[in-house]
Amino acid sequence: MACSKRFLIRGPVAARPCNAGGGAAHDLTPGAWMAETTAAHLTSVAPLTALSEEERMFQAAAREFAEKEIRPHVEPMDREGVFHRELIDRFFEQGFMGVEVPEAYGGSGGTFFMAILAIEEFSRLDASAGVVIDVHNTLVTNALQRWGSEAQKQKFLPRLVRDTLGAYALSEASAGSDAFSLAARACQDGDDFILNGRKLWITNAKEAGLFIVFATVNPGLGYKGITAFLIERDAPGFSVGKKEDKLGIRASSTCELILEDCRVPRANVLGEVGKGYKVAIETLNEGRIGIGAQMLGLARGALEHATSYAKERKQFGKPIAQFQAVQFQLARLATDVEAARLMTYNAARLKDARLPFQKEAAMAKYFCSQVAERVASECLEVYGGYGFTKDYPAEKYLRDSKIGKIYEGTSFIQLQTVAKLILG
Ligand SMILES: Cc1cc2nc3c(=O)[nH]c(=O)nc-3n(C[C@H](O)[C@H](O)[C@H](O)COP(=O)(O)OP(=O)(O)OC[C@H]3O[C@@H](n4cnc5c(N)ncnc54)[C@H](O)[C@@H]3O)c2cc1C
């Protein structure tokens, strides 16, 4: 393959001539190439995984917080199937609930990429903690910033940053992958809408104070009737129903929402009436990168545990990490994790750069959820019989990994998106 200079301009690798691996001779000597490569080139195209000072500090803060404050809750929350409210309060206090929200509304004024870093770090220890901040940041505050009126932003963003957890309610019992076939109905009544119907599988619902709920103003209009509403938990006619008892991410609440003549002021329509499908699609395009980050963090966590175990566990008189089969297994999984990281970071950086990212986001979610499941499964095997028990975290990582292929669009739905974009 021809080796252009562009491929060489990436951090430390840039100093290496492109035929260093013994390929075809390059038309520039390394010295001549170096002379041609300006400092401007080197700084303008950084490695994907190179973090700015601000990103590095934020990542370190998220990691330290996760170690100190999330870790002690992980096992009891999984066992109880409950997310401890005091931990959610700490997410708010530490600024993890408005990462991208401008400082004018009380937020941290960070980037989407920084939210991704936090989701990855939290999910490394607990995918439930990861999804709590994922839904809040990449779906709820994100949609409000993008589609909300100034009055809505003034009213809701400071609360979402301070103490009010957000939830995002699109799915229904009969409308999952085919989300726009939803049946929840919104009828105008003077300056209000009256909503009726049920939403299913809503993450954060048990603890949330603000819900973005999708309903149709006219089923005859198909997807063009879908409208997004901001509904407060105490709205008349609104209630949170049954909580699911799940295989994985057991601490994260997943509940039904019940709308019975639920009265919502017209002022709470998010975006335009009949344009809720745009709110849903465009928010989910971004949210998928968050699920990629959740699965990336989970895979990292599983692999770190298995690597330490392999260095400690002795069989045949030596640590199992000294067997080449185990070494190669860990090396293959580490390669998967690295690829997942590159895809997730690239999609997030494309989004922050306001470049097209839809294909890369779908690919990242698809790939990272595959990686998470494979890494968690093989890491469990590294533990032998112990991995099959609750004495080690390996089985929890495997249980938690399954959700990556299901929510925010199943793997087939991601492939459908990618196929549409590559086939035109
Ligand atoms: C723990 C959890 C949390 C969730 N959180 C939320 C939330 O916060 N908000 C929200 O709105 N929803 C949420 N969901 C819902 C989730 O997004 C849906 O479960 C998901 O979109 C799949 O829909 P479904 O379950 O109805 O499956 P179905 O759509 O019935 O799919 C069943 C199978 O059919 C396949 N399939 C369907 N259509 C096609 C097709 N066209 N081509 C090929 N294969 C297809 C799917 O890939 C899947 O394998 C959550 C779900 C879970 C389990």
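For the structure, check the block above.
Residues numbered from 1 in each chain as written. Predicted model: local features only at pLDDT ≥ 70, side-chain atom pairs only at ≥ 80, totals over all residues.

1. Looking at the overall build of the protein chain
Here is the rule we go by: Helix and strand assignments follow DSSP, with helices taken as H or I runs no shorter than four residues and strands as E runs no shorter than two, numbered in order from the N terminus. Exposed residues have 12 or fewer other C-beta atoms within 10 Å of their own C-beta, buried residues have 20 or more, and residues in between are partly exposed; the C-beta atoms are placed from the backbone.
Scanning the protein chain for helices and strands turns up 13 helices and 10 strands. Evaluated residue by residue, the protein chain yields a buried proportion of 44% over its 424 residues.

2. What about the site of the ligand?
Put simply, the test is: Placing the C-beta atom from the backbone, one calls a residue near a molecule or strand if that atom lies within 6 Å of it. Residue classes follow a fixed rule: Ala, Val, Leu, Ile, Met, Phe, Trp, Tyr, Cys and Pro count as nonpolar, while Asp, Glu, Lys and Arg count as charged, and any other residue, Gly among them, counts as polar. For each domain, the first and last residues come from an automatic or database assignment.
Around the ligand there are 19 residues in total, and S171, G176, S177, T203 and T410 lie nearest to it. Top element by residues in the shell around the ligand is strand β3 (residues 192-203). It accounts for three residues. Taken together, the residues of the shell around the ligand sort by class into 10 nonpolar, seven polar and two charged. Each of two domains, domain 2 (168-276) and domain 3 (278-423), supplies a minimum of three residues to the shell around the ligand.

3. Topic: the pairing of strand β2 (residues 185-189)
For clarity, the cut-off: Here, any two strands with at least 2 DSSP bridges between them count as paired.
As paired elements, β2 and β3 share five bridges and run antiparallel to each other. Among the inter-strand pairings, R185 is bridged to a residue of β3, identified as N196. Linking two consecutive strands that pair antiparallel, namely β2 and β3, is a turn of two residues; a positive phi of about 65° is found at G190 within it.

4. Quick notes on the pairing of strand β4 (residues 210-216)
In terms of residue burial, β4 counts as a mostly covered element, since seven of its seven residues are buried. Neither face of β4 is open: one carries L210, I212, F214 and T216, the other F211, V213 and A215, and all of them are buried. Bridge count for strand β1 (residues 166-169) against β4 is four bridges, and the pairing is parallel. Looking at β4, one finds that A169 is bridged to V213.

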